Amino acid sequence: MKTLSPTSVRYALISCTLYFVLFSTVPPSRAAESAFADSLFQEGDYLNAAHEYKRLLFLHPDTPQSDFIAFRVAASYQNAGKLKNAIRAYQLLIDTYPKSSLVARCQNNIAQCHILLGDSKQGLSSLKQFLEEHTESDLAPRAHFTIGILHIDKMEWIHARQVWNDVSLTYPESPFAEVSNRLAEKVKDAQNLPRRSPTIA
């Protein structure tokens, strides 16, 4: 079994603490016919929820809320820990509904999944692409903040501090601004800290 890297563990802890408190991971489904699938999702039965949402898309491919249902498929996989399935489902939504308001959220969630899979390089690339394309998104502060976490894992203290300072300056009203300020202060003298042993994957 593959051991999660410190990046994945640290990211998961901070992500759970901040993201689920500050933002809604999954926008509410607006389709009345998805009530049963929604109940499975709310009960934490994510794999069965994913199956039910996919069944709805098959039966009602032209429903006005099909992008929301497709998002729920991906989110169900992500919450179940089936991250590769989630990435594919998010990408399918992006490709199928390129004009959907959920595209930005999908791109951000794809980056999350890569990081949680231990692929910080791809995660960082995805986050940077997200910020280039969605500078005004309400998810931009979180994406920017997460880039700082990835720099910390590589012991790039100065880069991490610069990123977090930028978060507090660019998004002063965001809840991530205060957290970024505190972390930027904590890494001021990090260059002098003893180095940890290399990550074992």
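These numbers come from a predicted model, not from an experiment.

About the thresholds
- Residues numbered from 1 in each chain as written.
- Predicted model: local features only at pLDDT ≥ 70, side-chain atom pairs only at ≥ 80, totals over all residues.
- Heavy atoms only, no water.
- Helix = DSSP H or I, 4+ residues; strand = E, 2+ residues; numbered from the N terminus.
- Contact = heavy atoms within 4.5 Å.
- Areas by Shrake-Rupley, 256 points an atom, 1.4 Å probe, with all protein chains shown as cover.
- Core = buried A, V, L, I, M, F, W, Y, C linked by side-chain atoms within 4.5 Å.
- Buried < 20%, exposed > 50% of the residue type's maximum accessible area, 1.4 Å probe, protein only.
- Polar contact = N/O pair within 3.5 Å; in protein donor to acceptor, adjacent residues only side chain to side chain.
- Axes fitted to C-alpha atoms, helices over the stretch in contact; angles between N-to-C directions.
- Parallel < 35°, antiparallel > 145°, perpendicular 65-115°, else oblique.
- Left-handed = near helix turned anticlockwise from the far one by under 90°.
- Nonpolar A, V, L, I, M, F, W, Y, C, P; charged D, E, K, R; others polar.

Another aspect to go through is the overall build of the protein. Secondary structure summary: the protein contains 10 helices and 0 strands in total. Going from the N terminus to the C terminus, the protein shows its helices and strands as α-α-α-α-α-α-α-α-α-α. Residue pairs in contact within the protein that sit at least 24 positions apart in sequence constitute 56% of those at least 6 positions apart. If you sum the accessible surface of the protein, you get close to 11,000 Å²; carbon and sulfur atoms cover 56% of it.

Position of Ser 126 relative to the elements: it lies in helix H7 (residues 120–133). Between the C-alpha atoms of Ser 126 and Ala 143, which are 17 residues apart in sequence, the distance is 9.5 Å. In contact with Ser 126, other than residues within four places in its own chain, are Ala 111 and His 114.

With that out of the way, let us pick up the nonpolar core. Nonpolar side chains in soluble globular proteins generally cluster together in the buried interior. Counting 28 residues, the largest nonpolar core has Tyr 53, Phe 71 and Tyr 90 as its most contacted members. Contributing elements (two or more residues each) for this core: helix H2 (35–42), helix H3 (46–59), helix H4 (66–79), helix H5 (83–96) and helix H6 (103–116). A total of 8 residues in this core trace back to one element, the largest contributor, which is H4. Membership of the second largest hydrophobic core comes to 26 residues, among which are Phe 145, Ile 147, Val 167 and Tyr 171.

A word on the side chain of Ser 180. Structurally, the position occupied by Ser 180 is in helix H10 (residues 175–186). Of the residues examined, Ser 180 reaches a relative accessible area of 0% and is grouped as buried. In terms of polar contacts, Ser 180 uses its side chain to reach the backbone carbonyl oxygen of Phe 176, at 2.8 Å.

The N-to-C vectors of H4 and H5 enclose an angle of 165°; their axes lie 7 Å apart at closest approach. Comparing the axis directions of H4 and H5 gives the class roughly antiparallel. As for how H4 packs across H5, the hand of that crossing is left-handed. For the pair formed by H4 and H5, the contact residues are Asp 67, Ala 70, Phe 71, Val 73, Ala 74, Ala 75, Tyr 77 and Gln 78 on the first element and Leu 83, Asn 85, Ala 86, Ala 89, Tyr 90 and Leu 93 on the second. Counted by class, the contact of H4 with H5 contains 11 nonpolar, 2 polar and 1 charged residues.

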